[in-house]
Amino acid sequence: MRVEETEFYNKLLDYNNILYLCHRNADPDAVSSAFALSEAIGGTIGLVDGCNRVASLLIDKLDIDVVEKPDPSEYDITLVVDTSTSSQLNDIKLGKYCVIDHHATTALIENAEFYLHRHATSTAEMVFDILVSMGAPVMRRTAMGLLTGIITDTGHFKHATQETFKTVSEIIACSGVEYADVLEMMAATPQDISMRIAMLKCATRANIERVDDWLLVDSHVNSFGGAASSMFLNIGADVALIGTSRDANIRVSGRAKREAVAAGVNLGKIMEDISHNYDGTGGGHAGAAGIDVVADMDTILGECKDRIRGILKGKPNPSICDSLNDECHESE
């Protein structure tokens, strides 16, 4: 049953022992959303399979209590946070559960007791709306967490909307937290040498393809696929696809620049469509998505690239046009 913010909060009050469950390799959006709800309503934050670097820093800096690999059967209900597919939970048996998620599509809502699902650039924004609807105070730790979740999930506002900035402004106004405070905390994230090695290895394996004025890059790495795909955008790719594997399962993480999205690339839709052919899961945002399937990695990368080529072929890249115009003006 789909509900709105106030009803979502009221329904959670029917349960005394709530587990807020974050997806594997949980990010700051998932952790901060679970933390904010647990502070306001009570309950336990669970990590199904660890968390990423920034989320780990958040847990440490804000002194957040978490339980690793919790058993949902020990709780009255499980609130699945920021998660669109059961594979992101390592197919854990949930029992009675509800969902709060912001991704374009989420298969988990089908069997949920109730759910809150709408388009937003982060789950943290939806959680803030719940806090506002219930009249809960937004304390400093909660605000620091929610802002970190929003900043990271929007790629430092690269994928932000007007509503994103409105929510950020409201969080700052009601909590007194400075934006600089959050950036300073995030800057303290230690640089993981294993991640640096992975990025360098991924770069050496890169396949670079030019589609008219667009650059499409793919590569593979043992871990940090999402970070690697973002790295390629930062150094010049318009769309990047990075494959990682675990046993027979493969994952492809994709990232696309705003110009590519504006030209019609929707990685979430592409990943979702392809996953159906392999009984896997896929989806996400237009500019950031992933697919988890049991298949040959090169085959999945090839299908993703075929779809992207078909969309970008023949369409001008505005960033290239702007650069050419700038060069012309400089020469005048």
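Residues numbered from 1 in each chain as written. Predicted model: local features only at pLDDT ≥ 70, side-chain atom pairs only at ≥ 80, totals over all residues. Heavy atoms only, no water.

As named in an unreviewed UniProt entry, the protein chain is DHH family phosphoesterase, taken from Methanolobus sediminis.

The positions UniProt marks with the feature "domain: DHHA1" (unreviewed entry) are residues 225-294. Taken end to end, residues 225-294 is 36% helix and 39% strand, and its two terminal C-alpha atoms sit 17 Å from one another. (UniProt positions renumbered as here; feature names shortened; annotations may be inferred. Helix = DSSP H or I, 4+ residues; strand = E, 2+ residues; numbered from the N terminus.)

Our next topic: the sheet that holds strand β7 (residues 207-211). One open sheet accounts for six strands, arranged β7-β8-β9-β10-β12-β11; its pairing is mixed. Each end of this open sheet is capped by a strand with a single partner; those strands are β7 and β11 (281-284). Ignoring which end each strand starts from, the neighbouring axes of this sheet average 15 degrees apart. Bridge analysis of strand β9 (residues 239-246) against strand β10 (residues 249-256) gives eight bridges, and the strand direction is antiparallel. Along β10, the bridge assignment pairs Leu 241 with Gly 254. (Pairing = 2+ DSSP bridges. Axes fitted to C-alpha atoms, helices over the stretch in contact; angles between N-to-C directions.)

Quick look at the sheet that holds strand β6 (residues 115-117) now. Taken in spatial order, the six strands line up as β3-β2-β1-β4-β5-β6 in an open sheet, and their pairing is parallel. One side of each edge strand has no neighbouring strand; the edge strands of this open sheet are β3 (66-68) and β6. Sheet twist, expressed as the mean angle between neighbouring strand axes with direction ignored, is 25 degrees. As defined by bridge partners, strand β5 (residues 97-101) adjoins β6 across three bridges and the pair is classed as parallel. Across the sheet, Asp 101 pairs through a bridge with His 117, a residue of β6.

This next bit is on the pattern of salt bridges. Under the counting rule described, the total for this entry stands at 15 salt bridges. Its salt-bridge partner being Glu 39, residue Arg 141 comes within 3.5 Å of it at the nearest N-O pair. A residue pair is termed long-range when its members are at least 10 positions apart, and Arg 141 in helix α5 (residues 140-153) and Glu 39 in helix α2 (residues 28-41) qualify at 102 residues. A relative accessible area of 47% places Glu 39 in the partly exposed class. Here Asp 213 makes a salt bridge to Arg 210, at a shortest N to O gap of 3.4 Å. A relative accessible area of 62% places Arg 210 in the exposed class. (Salt bridge = Lys/Arg side-chain N within 4 Å of Asp/Glu carboxyl O. Buried < 20%, exposed > 50% of the residue type's maximum accessible area, 1.4 Å probe, protein only.)

Now for the side chain of His 117. Turning to its location among the elements, His 117 is positioned in strand β6. Relative accessible area serves as the criterion here: at 11%, His 117 is assigned to the buried category. With sequence-adjacent residues up to four places away left out, His 117 is seen in contact with Arg 2, Asp 101, His 102, His 103, Ala 104, Thr 105, Thr 106 and Met 126. (Contact = heavy atoms within 4.5 Å.)

This part covers the side chain of Ser 229. Residue placement: Ser 229 occurs in helix α9 (residues 225-234). Taking the relative accessible area as the measure of exposure, Ser 229 reaches 0% and is therefore buried. Once residues lying within four places of it in the same chain are set aside, the contact partners of Ser 229 are Ala 240, Ile 242, Ser 253, Gly 254 and Arg 255.

Across all of its chains, the model carries three aromatic pairs by this definition. Ring geometry for Phe 8 against Phe 114: centres 5.5 Å apart, planes inclined by 75 degrees, an arrangement best described as edge-to-face. Of this pair, Phe 8 sits in helix α1 (residues 5-12) while Phe 114 sits in the loop between β5 and β6, and the two are 106 residues apart along the sequence. Considered together, Phe 8 and Phe 114 belong to a single accessibility category, that of buried residues. (Phe/Tyr/Trp six-rings, centres within 6.5 Å; stacked < 30°, edge-to-face > 60°.)

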